[in-house]
Amino acid sequence: VGQATNDQELVDRHLPNASRGLMRFEDPWIGRLAPLARHERADLVRAISMKDNLPPEKALPLVRRMIRDRPRLPMLRVVSAGILKDMGRLPQARTALDAVYDLNPPDHEFWAMDALVHHQLAELGDPTLMERARSSSDRAIEINPRIAYGQQIRALIHEKDSEWPQAAAAYEAAAEHAESEEDRARFIAEADRCRKTEARP
């Protein structure tokens, strides 16, 4: 438990008497208690691994099973929304995010995904969702302005609103925090495109 929760004091206290192995007990009570031993972060890592390594139709039910165990863990909803988005099921992705929206999750990834999903739905013909995309984009950058994809999503929203100088500035911010030179060059090119669009008569 101490190692799973990074509680070094607990680890130091019990490590000298710790067993190197545990006997396996075939006890139904242990089976019922086992799910409670999972740490939230471990579940999240497993969910991300499923999204990245399994076909979406296989990953989705597994992640949803975790959500049933942890219905108020926003980042699991982000993973499921990402899977649904990749499958082209944007309304269901929105529903997944709506389930914890009112909790105001303090994680920029939730708000970036919420902004992206609502932006894409607006692109498909529901412009009323752009206000949600804007506010969620603002919230993502308020929490963490140094994430390139958060700035990229903001740039896409400014483009949708034909706010070319703001879009160019957002792409430049994305370039500043890009994880690779390839991404940096791409964002700079997008910023130049927006400035040229603004300058057209």
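Look up a bit, the structure's there.
Residues numbered from 1 in each chain as written. Predicted model: local features only at pLDDT ≥ 70, side-chain atom pairs only at ≥ 80, totals over all residues. Heavy atoms only, no water.

Asks: Can you break down the side chain of aspartate 114 residue by residue, with the values?
Replies: Assignment of secondary structure puts aspartate 114 in helix 7 (residues 108–123). Taking relative accessible area as the criterion, aspartate 114 reaches 0% and is therefore assigned buried. Polar side-chain contacts of aspartate 114 include one of 2.7 Å to the side chain of arginine 132. Among residues more than four places away in sequence, those in contact with aspartate 114 are Leu97, Tyr101, Arg132 and Ser136. (Helix = DSSP H or I, 4+ residues; strand = E, 2+ residues; numbered from the N terminus. Buried < 20%, exposed > 50% of the residue type's maximum accessible area, 1.4 Å probe, protein only. Polar contact = N/O pair within 3.5 Å; in protein donor to acceptor, adjacent residues only side chain to side chain. Contact = heavy atoms within 4.5 Å.)

Asks: Tell me what's going on with unusual backbone geometry, and back it up with residues and numbers.
Replies: The backbone of asparagine 104 shows a phi angle near 50°, a positive value even though the residue is not glycine. Residue classification places asparagine 104 among the partly exposed positions, given a relative accessible area of 39%.

Asks: Go over the nonpolar core with me, naming the residues and quoting the values.
Replies: Core analysis: the largest hydrophobic core is formed by 36 residues, its most contacted members being Val63, Leu76, Leu97 and Val117. For this core, the secondary-structure elements that each account for two or more residues are helix 3 (40–53), helix 4 (56–69), helix 5 (74–86), helix 6 (90–101), helix 7, helix 8 (130–143) and helix 9 (148–160). With nine residues, the top contributor of residues to this core is helix 7. When residues no more than four places from it in sequence are discounted, the contact partners of valine 117 are Lys85, Leu90, Ala93, Arg94 and Leu97. Grouped together as the second largest cluster of nonpolar side chains are 11 residues, Ala155, Ala167, Ala168 and Cys194 included. (Core = buried A, V, L, I, M, F, W, Y, C linked by side-chain atoms within 4.5 Å.)

Asks: Tell me about helix 8, and please be specific about residues and values.
Replies: Think of an α-helix as 3.6 residues a turn; residues three or four steps apart then line up on the same face. Between its first and last C-alpha atoms helix 8 spans 20 Å; for 14 residues at 1.5 Å apiece the expected length is 20 Å, and the two agree. For helix 8, the full list of buried residues reads Met130, Arg132, Ala133, Ser136, Ser137, Ala140 and Ile141. Down the axis of helix 8, the sector holding all buried residues measures 160°, keeping them to one side. Taken together, the buried residues of helix 8 touch helix 6, helix 7 and helix 9. (Expected span 1.5 Å × (residues − 1). Arc of directions from axis to C-beta.)

Asks: Explain the environment of leucine 73 to me, using residue names and the numbers behind them.
Replies: As for its placement among the helices and strands, leucine 73 is situated in the loop between helix 4 and helix 5. With a relative accessible area of 14%, leucine 73 lands in the buried category.

Asks: An account of the pattern of salt bridges is needed here, citing residue identities and associated values.
Replies: Throughout the structure, instances matching the rule amount to 16 salt bridges. One salt bridge in this structure joins aspartate 98 and arginine 132, with 2.7 Å as the shortest N-O distance. Of this pair, aspartate 98 sits in helix 6 while arginine 132 sits in helix 8, and the two are 34 residues apart along the sequence. A salt bridge links arginine 132 to aspartate 114; the shortest N-O distance between them is 2.7 Å. Residue arginine 132 is found in helix 8, and its partner aspartate 114 is found in helix 7; the two are separated by 18 residues along the sequence. Residue classification places arginine 132 among the buried positions, given a relative accessible area of 16%. (Salt bridge = Lys/Arg side-chain N within 4 Å of Asp/Glu carboxyl O.)

Asks: Account for the side chain of arginine 77, with residues named and values stated.
Replies: Within the element layout of this structure, arginine 77 appears in helix 5. In this structure arginine 77 is buried but unpaired, with aspartate 98 as the nearest side chain of opposite charge at 10 Å. Leave out the neighbours within four places in its chain, and arginine 77 touches Ile67, Pro71, Ala96, Leu97, Ala99 and Val100. (Lys, Arg positive; Asp, Glu negative; His and termini not counted.)

Asks: So, the packing of aromatic side chains: which residues are in play, and what are the values?
Replies: Working definition: an aromatic ring pair is given by the centre-to-centre distance plus the angle between the planes. Tallied over the entire structure, the rule returns two aromatic pairs. Between tyrosine 101 and tryptophan 111, the aromatic rings sit 5.3 Å apart at their centres with planes inclined by 65°, giving edge-to-face as the arrangement. A residue pair is termed long-range when its members are at least 10 positions apart, and tyrosine 101 in helix 6 and tryptophan 111 in helix 7 qualify at 10 residues. Note on tyrosine 101: relative accessible area 25%, which makes it partly exposed. Members of the aromatic cluster, each reached through a chain of ring pairs, are Tyr101, Phe110 and Trp111. (Phe/Tyr/Trp six-rings, centres within 6.5 Å; stacked < 30°, edge-to-face > 60°.)

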